[in-house]
Amino acid sequence: MAGSMQLAEAAACLSSLGSATRLELFRLLVRAGAKGLTVGELKTSLDLPGATLSHHIKELVAQELIRQDRDGRTLHCRANYTAMQQLLEFLTNECCVDEDCC
């Protein structure tokens, strides 16, 4: 997801975030900052079965909206702020360009 985001990439990201559970998961990670959260912390916060959480994490990782790092047996998830910024820029980049100016 290097450089500016294209329409298909933006649509895929928005589709991933179109699930209330994945959006909540992503927002938890955005709030957590650079440290992120462990899968166990996410499981507790979201009160989801492990397999269900794993499915949602996999979808967000596939769209590069979150990243995972392993520290021994612990898996950490972090929001990909670059991807988030690119999505926001895609959505706002041409704001009001077709509006008639006085």
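The coordinates are above.
Procedures and definitions
Residues numbered from 1 in each chain as written. Predicted model: local features only at pLDDT ≥ 70, side-chain atom pairs only at ≥ 80, totals over all residues. Heavy atoms only, no water. Pairing = 2+ DSSP bridges. Helix = DSSP H or I, 4+ residues; strand = E, 2+ residues; numbered from the N terminus. Contact = heavy atoms within 4.5 Å. Axes fitted to C-alpha atoms, helices over the stretch in contact; angles between N-to-C directions. Parallel < 35°, antiparallel > 145°, perpendicular 65-115°, else oblique. Left-handed = near helix turned anticlockwise from the far one by under 90°. Nonpolar A, V, L, I, M, F, W, Y, C, P; charged D, E, K, R; others polar. Buried < 20%, exposed > 50% of the residue type's maximum accessible area, 1.4 Å probe, protein only. Arc of directions from axis to C-beta. Salt bridge = Lys/Arg side-chain N within 4 Å of Asp/Glu carboxyl O.

Visitor: Would you mind going over the sheet that holds strand β3 (residues 74-79) with me for this structure?
Guide: Reading across from one edge, β1-β3-β2 is the order of the three strands in this open sheet, with antiparallel pairing throughout. Two strands lie at the open edges of the sheet, namely β1 (37-38) and β2 (66-71), each paired on one side alone. Relative to β3, β2 runs antiparallel, the two sharing six bridges. Note on β3: the bridge partner recorded for Arg-70 is Leu-75. Against the sheet, helix α4 (residues 50-62) contacts β2 and β3, and its axis sits at roughly 115° relative to β2.

Visitor: Would you explain the packing of helix α2 (residues 20-32) against helix α3 (residues 39-46) in this entry?
Guide: The angle between the axes and the distance between the axes are what describe a pair of packed helices. Their axes nearest at 11 Å, the elements α2 and α3 cross at an angle of 125°. One finds that α2 runs oblique with respect to α3. Regarding α2 and α3, the two cross each other, and that crossing is right-handed. Taken together, the residues of α3 that come into contact with α2 (itself represented by Glu-24, Leu-25, Leu-28 and Leu-29) are Leu-42, Ser-45 and Leu-46. Looking at the contact of α2 with α3 residue by residue, the class counts come to five nonpolar, one polar and one charged.

Visitor: Just checking my understanding: could you explain helix α1 (residues 7-17) for this structure?
Guide: At 3.6 residues per turn, the α-helix brings residues three or four places apart onto the same side. When α1 is considered as a whole, its buried residues turn out to be Ala-10, Cys-13, Ser-16 and Leu-17. End-on, the buried residues of α1 take up no more than an arc of 125°, which puts them together on one face. In α1, the exposed positions that point more than 90 degrees away from the buried face belong to Leu-7, Ala-8 and Ser-15. Contact partners of the buried residues in α1: α2, α4 and α5 (81-92).

Visitor: Whenever I open this one, the environment of Val-97 confuses me. Can you help?
Guide: Topologically, Val-97 is positioned in the segment after α5. Val-97 gets classed as exposed once you look at its relative accessible area, which sits at 52%. Put simply, Val-97 and Val-61 are 36 residues apart on the chain and 33 Å apart in space, counted from C-alpha to C-alpha.

Visitor: Quick question: what am I supposed to make of the pattern of salt bridges here?
Guide: Side chains that differ in sign of charge can pair as their charged atoms come close. This structure, assessed with the given rule, holds one salt bridge. For Asp-69, the salt bridge identified is with Arg-78, shortest N-O distance 2.6 Å.

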